[in-house]
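Chains, contacts and geometry: an overview
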Amino acid sequence: MERDYPLEKVRNIGIIAHIDAGKTTTTERVLFYTGVSHKIGEVHEGETVTDWMEQERERGITITSAAVTCFWTPTYADPKDKSKKHRFNIIDTPGHIDFTVEVKRSLRVLDGAVVVFDGVAGVEPQSETNWRYADEAKVPRVCFINKLDRTGASFEHSFATILDRLTKKAVRMQIPIGLEEKHEGVIDLLRMKAYYFEGEMGNKVVEKDLSAEAGIPENLIKEAEKYRNELIEKIVETDDVMMEEYLEGVIPNIDVLKKTLRKAVIANEIFPVYAGSALKNKGVQLVLDAVVDYLPAPTDIPPIPGINPDTDEHLVRHADDKEPFAALAFKVATDPFVGQIIFFRVYSGSLAAGSYVYNPRTRNKERIGRILRMHANDREEVKQVFAGEIAAAVGLKDTITSDTICDENNPIELNRIVFPEPVIQLRIEPKTKADQEKMGMALNRLAQEDPTFKVTTDQETGETIIAGMGELHLEIIVDRMKREFTVEANVGKPQVAYRETITGTSEAEGKYIKQSGGRGNYGHVKIKVKPMEMLTKEELEDLPKNTKRHEGFEFVNNIKGGVIPQEYIVPCEKGFKEGLDRGILAGFKIVNVSVDLWDGSYHEVDSNEMAFKIAASMAVQDACRRANPVILEPMMKVEVITPDKFMGDVTGNLSSKRGLIEGMEDRGMNKVIKAIVPLSEMFGYMTGLRSMTEGRAGFTMEFFRYDIVPNNVAETIIATRK
Ligand code: GDP
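None of the values given here were measured: they were computed from a predicted structure. (Residues numbered from 1 in each chain as written. Predicted model: local features only at pLDDT ≥ 70, side-chain atom pairs only at ≥ 80, totals over all residues. Heavy atoms only, no water.)

**A look at the environment of glutamate 449**
Topologically, glutamate 449 is positioned in helix H10 (residues 433–449). Between the alpha carbons of glutamate 449 and phenylalanine 330 there is a distance of 9.4 Å; along the sequence they are 119 residues apart. Here glutamate 449 is in contact with Arg105, Val332, Ala333, Thr334, Thr401 and Arg480, once residues within four sequence places are set aside. (Helix = DSSP H or I, 4+ residues; strand = E, 2+ residues; numbered from the N terminus. Contact = heavy atoms within 4.5 Å.)

Given below as structure tokens:
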């Protein structure tokens with residue numbers, strides 16, 4: 001089967017925004033203009049197209065990243081010209097800090113993004129965080145300054161905040177015609193035309209000349225000329241030959257300018273900025289044109305790296321239908337109609353419904369039942385998907401978020417997405433016996449969808465503990481468990497997820513030898529432990545896939561000459577892991593330990609897997625006890641924005657919370673304070689900050705790293721656990 005759509009006409013994009021900047025409204029307008037959604041649901045009515053989960057509607061925020069497919073022919077092209085039609089796959093990205101993981105993993109599979117800003121506030125803290133992530137992922141972006149109809153809106157102010165806080169490479173593509181209630185349309189600086197949006201939902205794009213006759217005020221025309229020159233300069237600067245000619249007075253024509261700009265945007269050298277108001281139906285279509293004109297097709301991005309899981313050889317895959325099939329599963333979701341579905345991005349080759357794929361993590365084959373393409377309000381079943389496309393699979397039971405699926409005969413494991421460890425946990429208890437079973441199933445399902453959500457059992461009390469990235473994250477999980485799986489449960493208070501680690505080295509011997517009548521037990525190991533060398537994120541992503549380092553534990557098998565037979569090695573490894581699950585000091589999981597199994601012995605008759613597992617678990621506990629164990633706590637990167645006059649109070653308060661002030665800067669009339677603060681001190685911070693600043697300060701918080709807790713704090717933690 002041949003592909004139905006040329007790859008150069010595909011755009012895999014995300015719409016990224018600070019919460020409330022208007023991402024949902026913009027997405028809805030996009031779906032409306034692209035003709036799929038015929039009814040616009042306002043956010044407050046709870047009828048949005050991408051937010052199909054009940055609670056998302058209630059909260060008015062978008063949490064999960066579903067992918068929606070739609071089609072767009074640029075406004076400047078003949079609508080009947082099929083060759084101008086483009087396919088967009090829009091990958092949803094959440095705006096709330098607790099879901100940065102979702103942002104990160106969407107960034108992995110999208111090729112370009114539209115970043116939406118609030119035209120009153122300009123760049124907000126979360127936009128900065130998301131922008132940084134997009135920088136790391138080298139995702140080309142166009143910016144949309146939204147809400148220019150709002151009282152207090154200023155395109156220039158918002159644009160200045162982008163230049164100031166995000167990038168000097170931003171450039172105006174448009175300027176607005178009028179602001180606040182007078183916001184009518186936009187001027188395109190490349191074409192030097194005015195655009196108005198008329199008809200139902202601004203459906204009809206009307207182009208006018210930039211002239212007094214067409215009703216454009218003189219000063220606006222002057223302004224447009226000034227910024228047009230600036231734009232052209234920015235574009236020609238990216239091309240030496242063009243720059244030389246430009247200095248001699250040659251201004252390239254619009255097609256050449258657009259082509260050069262496209263190259264620069266794809267290379268992250270220019271970020272074009274657009275203007276409008278999604279709510280008042282102004283400007284969105286021209287942003288869609290920009291997606292076509294300037295954001296990359298799958299063929300414009302570098303090949304994707306990976307590793308052969310059998311040989312650890314480095315490999316790459318190109319966006320080419322003829323290469324072997326390789327795809328990344330980036331989202332497990334529960335669809336109300338077809339049940340569990342897995343969203344995946346095909347990087348190379350093609351995949352037909354009904355065929356088998358290989359999962360290098362599980363080392364198993366699985367059969368893809370159906371392949372779906374999700375539209376805003378229906379699902380299209382497709383027979384085959386090709387390189388560069390995004391689709392959803394039905395029937396994969398054992399595939400989880402961030403798994404590679406590939407051709408069995410050409411296995412590859414694409415570079416994995418490294419997720420941060422959960423930092424907050426709480427105890428959860430089913431209300432009845434019937435809830436008990438349902439709860440286990442529900443939590444497992446939710447953990448499968450979300451790699452930053454973990455479920456464990458307290459080995460002493462048997463209670464279930466769930467852990468996640470923040471209070472809101474866990475709140476939403478519990479909510480989903482109650483609604484989608486109808487589990488009734490009592491939920492404890494959120495607590496910090498402490499860890500333990502070792503700071504020294506030591507050795508130990510573990511023996512589990514029991515001679516009773518009949519068959520006995522015999523397991524015997526000798527080990528050395530040491531702190532694991534810390535790796536950077538890049539090194540982690542590049543590791544051979546079968547290592548356990550991702551789980552904060554490294555196992556080195558140095559058994560020679562079969563002193564422990566091969567079949568007992570895996571049980572030993574399991575034993576080490578179990579031993580490390582129970583901390584020495586206060587029972588928290590022990591992380592970053594490297595265990596070297598170097599000697600031991602066995603018994604022809606009495607040795608068995610269980611005996612080795614127990615011996616290994618005892619040995620690792622004993623070794624860690626003598627390797628200077630310490631408690632680790634999550635440290636958060638905190639940013640507070642406050643009016644100048646409260647700055648002393650805010651910094652003083654952060655310091656009293658064991659915070660380390662990293663820096664201060666001016667931001668308009670406000671001060672921004674950056675600090676590293678232990679998470680345990682940050683509970684209820686919002687309330688405290690408000691009362692300290694008459695409600696005028698705000699803050700964001702993001703996981704930074706685990707640090708050793710000071711002795712006095714460790715003593716308190718240990719005492720409360722006892
Ligand atoms: P999200 O949180 O980024 O998805 O933002 P929403 O699309 O939910 O928008 C947040 C609020 O801003 C809603 O009340 C919208 O109606 C409103 N809003 C969105 N876009 C605009 C706009 O262009 N102008 C105005 N005045 N309000 C807008």
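**Observations regarding the layout of surface pockets**
Considering only enclosed or pocket space, the second largest pocket measures out at about 880 Å³ in volume. As for the second largest pocket, its lining consists of 30 residues, and the residues nearest its centre are Leu107, Arg108, Glu136, Ala137 and Lys138. Among the elements of the structure, helix H3 (100–109), helix H4 (125–136), strand E12 (304–307), strand E15 (339–348) and helix H12 (537–541) are those that each provide at least two residues to the lining of the second largest pocket. Top element by residues in the lining of the second largest pocket is H3. It accounts for four residues. (1 Å grid on protein atoms, 1.4 Å probe; cavity = no way out; pocket = protein on both sides within 12 Å on 5 of 7 lines; lining within 4 Å. Points joined across faces, edges and corners; volume = space filled by probe spheres on them.)

**Quick notes on the nonpolar core**
In this structure, Ile162 and Ile187 are the most contacted members of the largest nonpolar core, which totals 75 residues. Apart from residues no more than four positions distant in its own chain, isoleucine 162 is found in contact with Phe117, Val123, Cys143, Ile145, Thr167, Ala170 and Val273. By size, the runner-up hydrophobic cluster in this structure holds 45 residues, among which are Val423, Ile466, Val591 and Phe646. (Core = buried A, V, L, I, M, F, W, Y, C linked by side-chain atoms within 4.5 Å. Buried < 20%, exposed > 50% of the residue type's maximum accessible area, 1.4 Å probe, protein only.)

**Let's talk about empty space enclosed by the protein**
Taken as a whole and judged by the stated rule, the model has seven cavities of 30 Å³ or more. If you add up the space inside the second largest cavity, you get close to 100 Å³. Contributing to the lining of the second largest cavity are Met173, Asp188, Leu190, Arg191, Ile254, Lys258, Tyr274, Leu286, Asp289, Ala290, Asp293 and Tyr294. Every element with two or more residues in the lining of the second largest cavity is listed here: helix H8 (254–266) and helix H9 (284–294). Here the lining of the second largest cavity gets five residues from one element, more than from any other, and that element is H9.

**A word on the pattern of salt bridges**
For the coordinates displayed, the defined rule picks out 32 salt bridges. Note that arginine 150 is salt-bridged to aspartate 118, the shortest N-O span being 2.8 Å. Note that arginine 150 is positioned in the loop between strand E5 (141–146) and helix H5 (155–166) and aspartate 118 in strand E4 (residues 112–118), a separation of 32 residues in sequence. For arginine 150, a relative accessible area of 35% gives the class partly exposed. Accessibility expressed as a relative area gives 7% for aspartate 118, which makes it buried. Among the charged side chains, a network of salt bridges with common partners joins Arg87, Arg373, Glu380 and Glu389. (Salt bridge = Lys/Arg side-chain N within 4 Å of Asp/Glu carboxyl O.)

**Quick notes on the site of the ligand**
Taken together, the neighbourhood of the ligand is formed by 16 residues, with Asp20, Lys23, Thr24, Thr25 and Asp149 sitting nearest. One nitrogen or oxygen atom from the main chain of lysine 23 is found 2.7 Å from an oxygen atom belonging to the ligand. Within the side chain of aspartate 149, an N or O atom sits 2.7 Å from a nitrogen atom of the ligand. Contact with the protein chains removes 84% of the 570 Å² of surface that the ligand exposes when unbound. Taken together, the residues of the shell around the ligand break down into five nonpolar, six polar and five charged. (Near = heavy atom within 4 Å. Polar contact = N/O pair within 3.5 Å; in protein donor to acceptor, adjacent residues only side chain to side chain. Areas by Shrake-Rupley, 256 points an atom, 1.4 Å probe, with all protein chains shown as cover. Nonpolar A, V, L, I, M, F, W, Y, C, P; charged D, E, K, R; others polar.)

**Quick notes on the packing of aromatic side chains**
Inspection of the entire model under this criterion finds 10 aromatic pairs. Ring geometry for phenylalanine 32 against tyrosine 33: centres 5.6 Å apart, planes inclined by 70°, an arrangement best described as edge-to-face. The two residues phenylalanine 32 and tyrosine 33 agree in class, both being buried. Across from the ring centre of tyrosine 76, 4.1 Å away, lies the NZ or CZ of lysine 258, which sits over that ring. Sitting above the plane of the tryptophan 598 ring, lysine 528 keeps its charged end 5.1 Å from the centroid. (Phe/Tyr/Trp six-rings, centres within 6.5 Å; stacked < 30°, edge-to-face > 60°. Lys NZ or Arg CZ within 6 Å of the ring centre and 35° of its normal.)

**Remarks on the sheet that holds strand E31 (residues 506–514)**
An order of E31-E32-E34-E33 is seen for the four strands of this open sheet, with the pairing classed as mixed. With one partner strand each, in any of the chains shown, E31 and strand E33 (553–557) form the two edges of the open sheet. Adjacent strand axes in the sheet meet at a mean angle of 25°, parallel and antiparallel pairs treated alike. Judged from the eight bridges that link them, strand E32 (residues 521–531) and strand E34 (residues 593–601) form a sheet pairing that is antiparallel. Its bridge partner being in E34, isoleucine 527 is matched across the sheet by leucine 597. Contacts from helix H13 (residues 569–581) reach E32, E33 and E34 within the one sheet, and its direction differs from that of E33 by about 150°. Its contacts with the sheet put helix H14 (residues 609–625) on E31, E32 and E34, and the angle it makes with E32 is roughly 35°. (Pairing = 2+ DSSP bridges. Axes fitted to C-alpha atoms, helices over the stretch in contact; angles between N-to-C directions.)

**Observations concerning the sheet that holds E12**
Strand pairing within a sheet occurs via backbone hydrogen bonds; the two strands may be parallel or antiparallel. Read across the open sheet, the three strands follow the order E13-E12-E24; overall the sheet is antiparallel. The outermost strands of the open sheet, each flanked by one partner alone, are strand E13 (314–317) and strand E24 (413–414). Relative to E13, E12 is paired through four bridges, and the arrangement is antiparallel. Counted as the bridge partner of glycine 306 is leucine 315 from E13.

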